[in-house]
Amino acid sequence: MIRALEGKTVVLCITGGIAAYKAADLTSRLRKLGAKVHIIMTESATHFITPLTLEVLSENRVVTDMFDRAFTWEVEHISLAKCADVFVVAPATANIIGKAAHGIADDMVSTTLMATKAPVVIAPAMNTNMYQNPVVQDNIASLKARGFHFVEPESGRLACGDTGTGKLADPAVIAEAIVRAAAPQDLAGLSLLITAGPTREALDPVRFLSNHSTGKMGYAIAQHAVRRGARVTLVSGPVALEPPQGVEVVPVRSALEMRDAVLSRLAEQDWVIKAAAVGDYRPAVQAEDKIKKKADDLSVALVKNPDILKEIGAKKRNDQLVCGFSMETQDLIANSKAKLEGKNCDLLVANNLKTEGAGFSHDTNVATILYRDGQAEALSLMQKEQLADLLLDRMYKLHQKKKG
């Protein structure tokens with residue numbers, strides 16, 4: 001996994017609630033993502049988790065007191081506000097949300113929050129009745145209108161014994177929200193349709209024809225696109241992957257189902273990225289019952305599936321971008337160039353299954369990006385997540401060129 005917050009500074013503010021203990025998990029996740037983490041705690045928060053615990057995890061001194069004399073010669077709340085790439089309040093009580101909404105700055109957390117110009121991520125945690133109180137909801141709405149990012153609390157049994165909405169969101173969800181807040185929002189306003197995974201062509205109710213695609217490449221592209229602000233629809237064959245947060249997932253099984261899902265949504269897309277490994281053939285007849293063993297040999301008649309990428313290429317508008325993928329075992333560039341031209345793609349990602357580090361089951365890939373003008377960009381071995389981000393960069397450059 002790439003370190004999505006490498007080189008970024010996160011200022012994490014912890015306010016007083018039982019969910020403060022989850023800040024340890026969140027801090028650890030942020031460090032693993034490459035972030036430098038500075039932590040500010042309210043006095044109330046220190047009753048639920050010790051500053052020492054968070055100092056060990058963050059490898060930085062935790063700030064708890066506006067008037068602490070053990071400091072370097074700088075105004076600390078201003079210096080922390082300036083160094084932040086993302087400012088986070090998790091857990092956020094009704095009290096700090098109210099202070100932020102009304103400009104009250106009377107402790108280190110609220111004062112630093114008032115001074116920062118960084119994107120702010122707030123993850124509320126409180127009793128259900130408090131969270132649903134109209135005053136709290138008005139304060140949340142006011143902050144959202146000013147551009148604050150909220151990670152909605154979960155529903156469940158709360159520490160007070162009540163059941164309802166108010167649980168702090170899972171630290172993994174908060175970490176992803178922080179990654180998005182730190183990412184460039186260059187794809188904001190764009191609609192992307194991405195396909196991923198294999199298709200399954202049923203022989204009977206028990207068996208099917210398929211391939212070794214895991215969907216990792218398509219899912220990585222979807223995750224990075226939504227982080228960069230795009231509206232993403234992911235048409236996915238059967239995979240064992242968690243869908244990226246914020247992505248609309250359309251599950252399909254067969255090539256025909258994938259074709260219908262893609263073409264019915266094509267008109268509303270700005271970009272289409274066809275990373276799925278679609279079966280070229282399907283059984284001519286799908287048996288209603290399990291096929292029983294009757295002889296040593298079994299012959300199955302196959303018929304050709306529709307060429308979804310070619311149909312997209314034929315239907316696409318001049319302002320739409322289409323990216324195809326090509327998996328080959330020989331004559332990679334020649335076969336992939338023919339696919340690029342024959343299916344009217346704007347660019348195509350080609351890779352050879354026999355190249356070490358490439359292929360379906362790896363977290364890495366070795367690819368060559370082919371363009372309509374004949375350019376071939378050979379890339380070295382990299383994580384599929386890195387390739388996803390690079391591909392989006394190249395498509396954005398083409399998008400800007402088309403606009404200009």
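Scroll up for the structure.
No experiment lies behind these values; they were computed from the predicted model shown.

Undergrad: Can you tell me about helix H4 (residues 94–102), naming the residues and giving the values?
TA: Of all 9 residues that make up H4, 7 are buried, and the element is covered over most of its length. All of the buried residues along H4 are Ala94, Ile96, Ile97, Gly98, Lys99, Ala100 and Ala101. Those residues of H4 hidden inside the fold are in contact with strand E3 (86–92), helix H5 (108–115), strand E4 (120–124), helix H6 (128–132), helix H7 (134–145) and strand E5 (149–150). Positive backbone phi, at 75 degrees, marks Gly103, one or two positions downstream of H4.

Undergrad: Give a detailed account of a nonpolar patch on the surface, specifying residues and quantitative values.
TA: A surface patch of nonpolar side chains, amounting to about 460 Å² of accessible area, comprises Leu209, Tyr281, Leu298, Val300 and Leu302. Structurally, Leu298 can be placed in the loop between strand E14 (281–283) and strand E15 (302–304). Note on Leu298: relative accessible area 63%, which makes it exposed.

Undergrad: Describe the side chain of Thr233, with residues and values.
TA: In this structure, Thr233 sits in strand E11 (residues 231–236). Given a relative accessible area of 8%, Thr233 falls into the buried group.

Undergrad: Tell me about the sheet that holds strand E13 (residues 271–274), and name the residues and values.
TA: In a beta sheet, neighbouring strands pair by backbone hydrogen bonds and run either parallel or antiparallel. With mixed pairing, 8 strands are arranged side by side in an open sheet as E12-E11-E8-E13-E16-E17-E19-E20. Strands with a single pairing partner mark the edges of an open sheet, and in this sheet they are strand E12 (248–251) and strand E20 (376–378). Ignoring which end each strand starts from, the neighbouring axes of this sheet average 15 degrees apart. Across the sheet, helix H11 (residues 308–315) lies against E13 and strand E16 (321–328), angled at about 160 degrees from E13, the strand it touches most.

Undergrad: Lay out the pattern of salt bridges with the relevant residues and their values.
TA: Counting across every chain of the model gives 20 salt bridges. Across the salt bridge formed by Asp363 and Lys216, the nearest N and O atoms sit 2.8 Å from each other. Taken as a pair, Asp363 in the loop between strand E17 (347–352) and strand E18 (364–365) and Lys216 in helix H9 (residues 216–227) lie far apart in primary sequence, 147 residues in all. Here Lys316 makes a salt bridge to Asp346, at a shortest N to O gap of 3.3 Å.

Parameters and conventions
Residues numbered from 1 in each chain as written. Predicted model: local features only at pLDDT ≥ 70, side-chain atom pairs only at ≥ 80, totals over all residues. Heavy atoms only, no water. Buried < 20%, exposed > 50% of the residue type's maximum accessible area, 1.4 Å probe, protein only. Helix = DSSP H or I, 4+ residues; strand = E, 2+ residues; numbered from the N terminus. Contact = heavy atoms within 4.5 Å. Patch = residues over 30% accessible without salt bridge, like charges linked within 9 Å, V, L, I, M, F, W, Y side chains within 5 Å. Areas by Shrake-Rupley, 256 points an atom, 1.4 Å probe, with all protein chains shown as cover. Salt bridge = Lys/Arg side-chain N within 4 Å of Asp/Glu carboxyl O. Pairing = 2+ DSSP bridges. Axes fitted to C-alpha atoms, helices over the stretch in contact; angles between N-to-C directions.

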